[in-house]
Amino acid sequence: MIKVALFKFYIGHVVTVIYVVTVSASNGLLRGFTDVIVYVTDVNDNPPTFSQSQSTISVIENAPADVIMTFTAHDDDVGHNALVTYALIG
Ligand SMILES: [Ca+2]
Ligand SMILES: [Ca+2]
């Protein structure tokens, strides 16, 4: 019999997922158990992605100052590895 429990917790900015696997063995009459604890730490292996790869907008030259477009990026990692900062380039 194998029983698996999943726990996720934060240590600082690092998210660690813990699997606790209980394994049993039997000889037909008696049974023994042991727990196997697996720590899975996130790796920063996903870049931020935008929902749109390119956007175009037109604004008239005398338009009042205002928000003209909003971008949001998502990172599939977790914790500190999923933080996204934005910059204008060019
Ligand atoms: Ca990332
Ligand atoms: Ca990852």
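Residues numbered from 1 in each chain as written. Chains lettered and ligands numbered in written order. Predicted model: local features only at pLDDT ≥ 70, side-chain atom pairs only at ≥ 80, totals over all residues.

Trainee: Before we go on, may I ask you to explain the overall build of the chain in this structure?
Mentor: From N to C terminus, the chain includes 0 helices and 5 strands. Going from N to C terminus, the chain has its helices and strands arranged as β-β-β-β-β. What you see for the chain is a C-alpha radius of gyration of 24 Å, clearly larger than the 12 Å of a compact globule of 90 residues, by over 25%. Dimensions of the chain, computed from the C-alpha atoms along their principal axes, are close to 85 × 25 × 20 Å. The proportion of buried residues among the 90 residues of the chain is 0%. Sequence separation of 24 or more characterises 38% of the internal contacts of the chain that already satisfy a separation of 6 or more. (Helix = DSSP H or I, 4+ residues; strand = E, 2+ residues; numbered from the N terminus. Rg over C-alpha atoms; globule rule 2.2 N^0.38 Å. Buried ≥ 20, exposed ≤ 12 C-beta atoms within 10 Å, placed from the backbone. Contact = placed C-beta atoms within 7 Å.)

Trainee: What should I look at first to understand the environment of L83 in this one?
Mentor: Structurally, the position occupied by L83 is in the segment after β5 (73–74). Among the residues examined, L83 registers 11 C-beta atoms within 10 Å and is labelled exposed. Residues L83 and P48, 35 residues apart in the sequence, show an inter-C-alpha distance of 8.6 Å.

Trainee: How should the environment of V23 be read in this particular structure?
Mentor: Relative to the helices and strands, V23 resides in strand β2 (residues 14–26). Residues V23 and T34, 11 residues apart in the sequence, show an inter-C-alpha distance of 5.4 Å.

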